[in-house]
Every structure is written in C-alpha cells, then in structure tokens.
Amino acid sequence: MQTFWQDLRYGARMLMKNPGFTLIAVLILALGIGANTAIFSLLDGLLIRPLPYHEPDRLALIWEDATSIGFPRDTPAPANYADWKAQNHVFEDMAALDNRSFNLVSDGEPEKLMAYGVTANFFPLLGVTPVLGRNFLPEEDRPGAPKVAIISHRLWQNRFGGDQDILNRELLLNDQKYRVVGVMPANFQFYQRYINLWVPVAFSSEELANRGGHYLNVVGRMKPGVTIAQADADIKSIMQRIAQTSPDEAQGLGAVVVSLRDEFTGDVRQSLWVLLAAVGFVLLIACANIASLMLARAAARTREIAVRAALGAGRWRIVRQLLTESLLLAILGGALGVLLALWSFEFLRQLIPVALAGQTSLQLDGRVMLFTLLASLVSGVLFGLMPALQASRLDLNEALKESGSRSGLGAGQRRLRNVLVVGEVALAIVLLIGSGLLIQTLYNLQGQYSPLRPESVLTLRTVLPEYKYGDHARRVAFYNQVLERVQALPGVISAGYTTSVPLEWKGGANGLSIEGRQAEAGLGWNANHRQVTDQYLQTMSIALRQGRYFNPQDQEQSEPVAIINEAMAQKYWPNESALGKRFKMGSADSNQPWLKIVGIVADVRQMGISEPVKPEMYVPQRQIKTHPFFTPRDLAIRASVDPMSLTDAVRTAIHAVDPAQPVTNIRTMEEVLGEQSAQRRIGMILLSIFAALAMLLAAIGLYGVLSYFVAQHTPEIGVRMALGAQMGDVLRLVLRQGLTLVFGGVVLGIVGALALTRLMASLVFGVATLDPLTFAVVPLLFCGVGLLACWLPARRATKVDPMIALRCE
C-alpha cells in the first residue's frame, strides 16, 4: 500500500509538471467518457432499470395480427379479448382499455380530456394504487353502475390546484356527472402521457360478443415462469379456434404477445445500440490519441526511466508507475466527463419514447457512476499499457549515453503510433458513413411531405362529443358554420376538416366490397377511411392525379362519391382506370351506399413517416352517416401569413358557433412532422456530433504524429535543404508520410463500414446501406481534412533554417 501511495504521489507530481499535456489529455478523455456515460444513462433508464410497475417483466401486451391487411399489431375486438381471458393457460389476469375523450365544462374553461376506459382490474394488474383514494370496484365496472372516475396527478394539480378535498367531487363530463374516487401518482403513465382520466369501461354483453370492432388495448400478467414465447403460442392457439368458429369476422386473424418493455422501447432500441457503439468508437479514438501522446511523452522521459532502472527499479515497477499516471488521467477525465454527461441530459430526454416519457428519468445513480468508473479504468489501461510496456523495454547503455534532446521514439514505438493513427482514421470513417446515411434518411423522410408545404398549414382539433353531436345534421351544420367563419378571416387561403391530418392517427381502416367482384376466401379488401369537407384536399395540397376534387354539388341527396389514393387504385384496379368504379364500405349486402370514384390523388404517408403507404379513401362528410367516431375532428387551414398568428381568431370563430367546444392540438403541420421525426432527428444529430468529434480527434492524432515526425527529423531536413532540397521536396516528404496513414485508415474504414452499416438497415429510409454517394463523399471529405492536418506540420518543415538545424545537431 505504501508503494501504491508513492506511485500515486509521484504520478500526480509528473502530471502537474506538464500541465499542457495533462489538460489536453483530460479534455479528450472527458469527451469520450462523458459521451459514453450520457448514452449509457439513457440505455439504463430505458432498457435496464425496471419499469415502475409490480414485477414488470411479467407484463405483456396482446395484439391481433392482421398482417394480411397491413396491421401486424392491430387492436383487438372485445369478443376476442373475452375469449383470450377465459381460455388462456398462461396469464394470471388480463385487462382491457379503450380510448375515450370527455369535455370538462365545469370548474373553469371548457377542456378536452383524453381518457382511457379500463376494466376494474387494470390498476391492480399493474400493481399501481392511487396516491389519493382507491381503485375502481368490480361492481362499478358494469353497465348502469354509478359513474366514477380516477384523475391524473397532473390534472389534479393544474385544474384543481391540488385540492385535498377532490375525492367524491362531481365532475361534469360530456354533460354527465362523474364522482372522483382516486388520484394517480405523479409518475404514473401507461402508453400516452396526455391521458388525464380513467373511467370504468363497463362492457355490456353485446359489446363482449362483438368481433367486428377492433379498438381495445389488452394487457396481461403472465404466470410465474411463463415466457413470452409460451404466452404467444397459447394465445395463437386460441385465435386459431376463434377463426374456425367465427370465420366471417376472424378469418386470417392471428395474435401476437409482446413484452411491455419491448413494446414501449421497440422503436428506439436499435438506435440506442447504434449510439452506444458510436460513443464506444469515440472513446477508442480518444484512447488512441492519448496513447500516442503517452508514447511521445515516454520517449522524452527515456533518461529518467533509464536512471530509475539503473538504480534497481524492475520492469514491472516502471510499468506500474506509468500505468498509475495513466489511471490518474483517466479518473480526472471521467470526473469531468460526468459533468458533461449531466449537462447533456436535457437534450437526451428527447430520445425517450412517448410511452415512457412520464416515468423515465436520466440520472447519475450508482449503476451509471459504476459504469463511468469502469469506463475510466479500462480507458486508462487501454491507452497506458502499451506505451508503458514500450517505455520499459530499453537499452540502459544507449539510453544513459543519449542526451535528452536527442531522445525519441524507437522503431517499435513509431510503428505502434502509426497503427494507432490508422485505427483512429478507420473508426472515424465508419462513424462518418453511418452519420451520412442518417442525414440522408432524415432529408428523405421530411422531403416526402414538402409538396404539402406544411409550414403554411395550421392544424387544430375539435372533437365533437357524441352526446351533443350524435345527429348527422348537427355535425354538418357545425362544420359548415366553422368553415364559413374561418375562411372569411384575413390571411386564410382555404380550410377543410378531416377525420385526421397525416401522421396524427394510425387507425381508420375499413373493410370494403368492390362492385362486380368477389374477394378471395380469407383475404378481405381493406382501405383507410378519412371523412373530409370539400376543400380539405386542396388545403393540404394533396395533388390530383386523375378526375376531380370534391365540390359543393356533392350533397347528401346526390350520388355518393369517393376519392382514392394511388395505392388503392393500383392495388384494386391494377390494369385499368379506377375512375367511375364503385365500391362500398362493409360487405356487398350491407346497407351502406355504393361510392363512385370521381378522383385519384397522390399518396401521402398517413400512418407514420416511414410506414408503407396504405390504400386510402376520402369521402365527403356530408354524404356519410357513419358512427361519430369516424367523423372529422381535425381542422386544417392554409394561410398566407404566419399560421400561428391566426390561432386566436380561429378559436374565436369556433366558439362563436359553440362556446363550450374545446379547441386542442394547435400546431402547424410542420410541427406535427417535426414531432414524428424528432427521435430520428435527435439520433442523427448525436451520431453526427460523435462522427465529427471522431474526425477531429483523428485529425489531431494525425497532426500530432506528423508534428513529432518533423521535430524528430529536423536535423535530417536541415541536411537535405543544405544539400539543395527544395521546399516542394520537403513538403512531399512530410505529406507522403501522413497521407500514407490517411489512405490506410480510409481503406480499413470503408471495409469496416461495409460490414457494420448493414446493421442499420431498419434505421434508414430512401437510401441503401451501401449507398455509393455516401461511400464516395465521406472518404473524400476525410482525405481533405487529413490533408489539412498533414499540411500544417509539412509547411512548418519547409521553414526550417538549415544553419540552425545543423547547429542544433
């Protein structure tokens, strides 16, 4: 222990003796270790730390598998849920929930509350209890039972000021009185963070027999020891029996069981591993840089090390002393890296999936700090061991005879330093190519919406409550009056209502029948359904390919019409024109009207920025008397001025029609697109930052090697110039030395990228993982940076004065 403290004190003195070297090394390490700490804290919060439920590893979500119509994870029908719950052998319990909304018109301004209808066992199944009050009782989860509600902690604080007397207060929701029986904890969230209210789902016997409506979310708690694979197989077998007994509703349907964590983190999991690999590369480059500096420093300390060896210090004693200095540097870098990681948390929170946003925090807990300590110690060994071994391997006679000014790197040390630089360049090339692919991906994702000119479109939501607008005529009157007032506002070009603007709803699929044709057995026809007003498609700048848009003549009494997208036309009428053809929603013998196709419009990705385009139909809202669930809720307004400047005027126009109607989700279409691409954008920015950092560190390493080469060969350069060598000759000598390393690293990096970028296939869009442009531009870019890093010391070499160089020699 005494020897250890001696090494520690001596190492600290040596580092303080060279403050410039110490500062540079600590900063480089802080960047590498800090980046790793930050990304690990994110990975820890999302993939390692337990979800805030009781025994969360036993929780799973159960979906219908409707892959045949483009929905591999579809929301289940109530009857299927009832059969799963009654017949399974793998779940302790199973609960269901559906999406609801309520207008709260008491205690202040009208407010739209997004809610879940849940079975009474939902909260107990998760192992969560209200912070105030109680869970729902089984007798409250029945048709006709007294209406009760549990509210979120956020609603309790924001709307009711944290009033401790909130329990048993009656709220007027959709003109019905609900009694508050509980308040959930502040960090409770299940799926969407904006849910502020839970009410009993209260299934009727008719609803539990319904296999045609698919709108539930189903969560189950597996029995101890049951795996996801076993649960999946059991539910699939039940679904096969359902398909046999109910072929009309369930033919072709399957089921899939997904663990709760996989469901919540599925979209971001691979991105996290890519980022962790990226910061690992950055740390390796940082270690290579410090190792190169340590080699040069060890060369300058040759006489010191030789004297210690001559006085009896063994090789291991010297290695241990040098490693102690390396570990001191690493720990200092790690300490500063923790501060950098803490500073980055606010930015990294944007990578947390929506389903976990309210219950996942980034924190420097014991696990993260242990990771940082281990990363620091491993880094210290990585960059310190080889230089220490090289420094301890010396010839005492030669080392003691050599003056301090002549000491330099040996052949082995030079080769090691060159190998380190080549490795740095290769790792930087891999990161730059990955970054280039993600940059193109984001450009392609956002570029596909550019024809819509989203920056000029204001969107907002007015969900009409069924209790008030259950009548079709009342809904039509509301839309007409709002649009008439909004279109009269200064700065408004056009406006239109739709069931949902692009990217805001992933549902709305309807079965359909085509006139004169019969679907194959087990393969029904299907298309997404959007009800719109006359000017909606023009307002959104959705291009007309054939036929016409809707017009005021498409009235309730006129022939029912529809406009379809190109995907629907190509799928159902592949070798003929779809114009004039007729189809209807539902089966051919249903009482739904036949719809005549009067127009075909361009495809728009409605379901997600990278989701495949699905067949879609647009129908005039005036002509369709379907359930209010499908009726328009989103208002789109194209403006000639800043769209957000119209917000107050539009809200006033809506309240002039219905003063109690809440107006929510006020955003530009550009903001909607930005939210959908936010995680990809943040991931791209982070990878680009890490790639740029890797390129900078590699360039610094290259510059350092060549600067040392010039300093070590100054006498030789002086002799060459004294014998007639021109500046160009000296420039080529140094550049050849540096560019050889650059080209070696570039070739190795391209080979590595060819192998590793294949793992990014699910993260890219509109660009191949072996994109020739990226693989050509990135090496050229780095060669340009490498040439600059080589040119600076080469230029300095051309300014060597032969007389001074020879006098020093």
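Look a little higher up for the structure.
In what follows, the accompanying structure is described. Everything numeric here is computed off the predicted structure, so don't read it as measured data.

A tally of helices and strands in the protein yields 25 helices and 22 strands. Looking at the protein as a whole, 54% of its 809 residues qualify as buried. Of the contacts formed within the protein by residues at least 6 apart in sequence, a portion of 82% connects residues at least 24 apart. For the protein, the accessible area works out to roughly 35100 Å², and carbon and sulfur atoms hold 58% of it.

With that settled, the discussion passes to unusual backbone geometry. Despite not being glycine, asparagine 174 has its phi angle at roughly 50°, a positive value. Position of asparagine 174 among the secondary structure elements: in the loop between β7 (170–173) and β8 (176–183). A residue is classified by how much of its surface remains accessible, and asparagine 174, at 15% relative accessible area, is buried. Backbone geometry at alanine 202 places phi at a positive 50°, although glycine is not the residue there. Structurally, the position occupied by alanine 202 is in the loop between β9 (197–200) and α6 (205–208).

Taken as a whole and judged by the stated rule, the model has 26 salt bridges. The salt bridge involving arginine 100 is made with aspartate 98; its shortest N-O contact spans 3.0 Å. The class for arginine 100 is partly exposed, based on a relative accessible area of 26%. Residue aspartate 98 is classed as buried on the basis of its relative accessible area of 7%. Between arginine 545 and glutamate 566 there is a salt bridge; the shortest N-O distance is 3.5 Å.

As a further point, take helix α23 (residues 727–756). Spacing of three or four residues puts side chains on the same side of an α-helix, whose turn is 3.6 residues. With 30 residues, α23 extends 42 Å from end C-alpha to end C-alpha; this agrees with the ideal 44 Å at 1.5 Å per step. For α23, the set of buried residues is Val730, Leu733, Val734, Leu735, Gly738, Leu739, Leu741, Val742, Gly745, Val746, Gly749 and Ala753.

For threonine 459, the position within the fold is in strand β12 (residues 457–461). What makes threonine 459 buried here is its relative accessible area of 3%. Residues within four places of threonine 459 in sequence aside, it is in contact with Val501, Leu635, Asn665, Ile666, Arg667, Thr668, Met669 and Val672.

Inspection of every chain in the model, using the stated rule, returns 18 aromatic pairs. Sitting over the face of the ring of tyrosine 469, arginine 474 holds its NZ or CZ atom 5.4 Å from the ring centroid.

We now examine the pairing of strand β13 (residues 492–498). Judged by how many residues are buried, β13 sits mostly within the fold: six of seven residues are covered. Two strands pair when backbone bridges link them, and β13 and strand β21 (residues 634–639) are joined in this way by six bridges, in the antiparallel orientation. Each bridged residue has a counterpart across the sheet, and for serine 494 the counterpart in β21 is arginine 638.

With respect to the helices and strands, the residue glycine 704 is situated in helix α21 (residues 678–712). When its relative accessible area of 22% is taken as the criterion, glycine 704 is described as partly exposed.

Another aspect to go through is a nonpolar patch on the surface. Together, Ile331, Leu370, Leu373, Leu374 and Leu377 line one region of the surface with nonpolar side chains, adding up to about 420 Å² of accessible area. Per element, the largest residue contribution to the nonpolar patch is four residues, and it comes from helix α12 (residues 366–392).

Below, the discussion takes up the nonpolar core. The biggest cluster of nonpolar side chains holds 121 residues, and the ones touching the most others in it are Tyr53, Phe122, Phe188, Phe190, Trp198 and Phe782. Phenylalanine 188 has contacts with Tyr53, Phe122, Phe123, Leu126, Val128, Trp198 and Gln359, leaving out every residue within four places of it along the chain. Residues Ala60, Tyr81, Ala231 and Leu253 belong to the second largest nonpolar core, which totals 26 residues.

Turning our eyes to something else, we now look at the pairing of strand β17 (residues 561–565). In summary, the side chains of a regular strand alternate between the two faces of the sheet. Of all five residues that make up β17, five are buried, and the element is covered over most of its length. Side-chain alternation along β17 places Val561, Ile563 and Asn565 on one buried face and Ala562 and Ile564 on a second face that is also buried. Direction of pairing for β17 relative to strand β19 (residues 595–601): parallel, over a ladder of five bridges. By the bridge assignment for β19, isoleucine 564 is matched with isoleucine 600. Pairing of β17 with strand β20 (residues 616–620), which is carried by two bridges, proceeds in the antiparallel orientation. Across the sheet, the residue bridging to isoleucine 563 is tyrosine 618, located in β20.

Definitions and cut-offs
Residues numbered from 1 in each chain as written. Predicted model: local features only at pLDDT ≥ 70, side-chain atom pairs only at ≥ 80, totals over all residues. Heavy atoms only, no water. Helix = DSSP H or I, 4+ residues; strand = E, 2+ residues; numbered from the N terminus. Buried < 20%, exposed > 50% of the residue type's maximum accessible area, 1.4 Å probe, protein only. Contact = heavy atoms within 4.5 Å. Areas by Shrake-Rupley, 256 points an atom, 1.4 Å probe, with all protein chains shown as cover. Salt bridge = Lys/Arg side-chain N within 4 Å of Asp/Glu carboxyl O. Expected span 1.5 Å × (residues − 1). Phe/Tyr/Trp six-rings, centres within 6.5 Å; stacked < 30°, edge-to-face > 60°. Lys NZ or Arg CZ within 6 Å of the ring centre and 35° of its normal. Pairing = 2+ DSSP bridges. Patch = residues over 30% accessible without salt bridge, like charges linked within 9 Å, V, L, I, M, F, W, Y side chains within 5 Å. Core = buried A, V, L, I, M, F, W, Y, C linked by side-chain atoms within 4.5 Å.

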